[in-house]
Amino acid sequence: MTQTTVPVIDLSPYRSGTASGKQAVAQAVGAAREQIGFLTIVGHGVPEELIARTADVSRRFFDLPMEEKLKVRVNAVGVGYVPLQIESLAASLGKQTPGDLKESLNTGLDFSHDRWPAEPAELRAIYINYFETLNQLATMIMRIFALALDLPEHYFDDKIDNPLAFMRVINYPDQPDDPLPGQLRAGEHTDYGTLTILRPENVPGGLQVRNRAGEWLDVATVPGSFVINIGDAMQYWTNDRWISTVHRVMNPPRDKSVGSRRQSIVFFHTPNDDTLISCLESCCSAENPPRYAPVLAGEHLRRKSAQAGTLDKPAM
């Protein structure tokens, strides 16, 4: 049966530590990964106060004059501020579209970088706290993934203890002017790593995912939740048993374009740079041999990121 909704899964039974609770959550997560690749989680344990502070300080950064934001313009490794219409995510799927109608502030696991804005002064500390908290959540989710794939619960631990994790806070401004033909807030794409943890806002012009039948489904915003999807690396690892689902962020309807500003806090998780992504034993057989050549996680991530690229060369 084709999935027509994105399921909501409560992680509390897993966090309770009981074997039955862990297996129940793993079974639900595995079914969602096979059917649509996306799910919404509640009971995740991340404090709402931390999420609210991260959202607030980010909004204050994006409200700064452009000349202030450009002082931390994105560098060669993708850390820093990315202005509007610089990136075209659809290019990662070989599609040519105008630049996406979004701006972002990005940071990686190396917190010593020089792309931290001077204002708001508390942004750096809040981002580091959020990043570290979401990295812990990602580790827990990878343990759920292991159980769902009939592997030992801690199978992935030594493969993600120094992950290529990346945090991106995205601002989708109001759209007083008509978008160009084919231009979206974020063009259709898949993510590249193991999983993505998204905190969206409930405003017009939101996230859509494409199911196995090719239908586009709206992802409802559930209070206190995160939206989770897997990326290409997890699809390779599972030999297409799990789906790296194509998704996009739509423009608001023209009659709701004013007041449609949207902000998403996104945490991207990829294994350690030197982790080999090759078909898991539980996902292949003589009748279902591996479909993808083994690839190092870092090599895969850099290749996919280069495809999306930018539409001009950022100042370093």
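Look up: the structure comes first, before these words.
Some words on the side chain of Thr270
Here is step 1 of the chain: The topology assignment puts Thr270 in the loop between β12 (262–269) and β13 (276–277).
Here is step 2 of the chain: The contacts of Thr270, once residues within four sequence positions are left out, are Pro163, Leu164, Gly193, Thr194, Ala297 and Leu301.

Things to note about the sheet that holds strand β2 (residues 38–42)
Here is step 1 of the chain: Read across the sheet, eight strands follow the order β1-β2-β10-β7-β12-β5-β4-β3 without closing on themselves; strand pairing throughout is mixed. What marks the edges here is a single partner per strand, and that holds for β1 (8–10) and β3 (80–82). Neighbour-to-neighbour, the strand axes of this sheet turn through a mean angle of 25°, independent of strand direction.
Here is step 2 of the chain: Those strands touched by helix α3 (residues 48–62) are β3, β4 (103–108), β5 (166–172), β7 (195–199), β10 (226–230) and β12, and its axis lies near 115° from that of β12.
Here is step 3 of the chain: Along the sheet, helix α5 (residues 123–148) contacts β2, β4, β5, β7, β10 and β12; its crossing angle with β7, the most-contacted strand, is approximately 130°.

Describing helix α2 (residues 19–35)
Residues three or four positions apart in an α-helix share a direction because the helix packs 3.6 residues into each turn.
Here is step 1 of the chain: With 17 residues, α2 extends 24 Å between its outermost C-alpha atoms, agreeing within 8% with the 24 Å of an ideal straight helix rising 1.5 Å per residue.
Here is step 2 of the chain: Regarding α2, the residues found buried are Gly21, Lys22, Val25, Ala26, Val29, Gly30, Ala32 and Arg33. The buried residues of α2 occupy an angular sector of 160° when the element is viewed end-on, so they sit on one face. Of the residues in α2, the exposed ones pointing more than 90 degrees away from the buried face are Ser20 and Gln27.

About the criteria used
- Residues numbered from 1 in each chain as written.
- Predicted model: local features only at pLDDT ≥ 70, side-chain atom pairs only at ≥ 80, totals over all residues.
- Heavy atoms only, no water.
- Helix = DSSP H or I, 4+ residues; strand = E, 2+ residues; numbered from the N terminus.
- Contact = heavy atoms within 4.5 Å.
- Pairing = 2+ DSSP bridges.
- Axes fitted to C-alpha atoms, helices over the stretch in contact; angles between N-to-C directions.
- Expected span 1.5 Å × (residues − 1).
- Buried < 20%, exposed > 50% of the residue type's maximum accessible area, 1.4 Å probe, protein only.
- Arc of directions from axis to C-beta.

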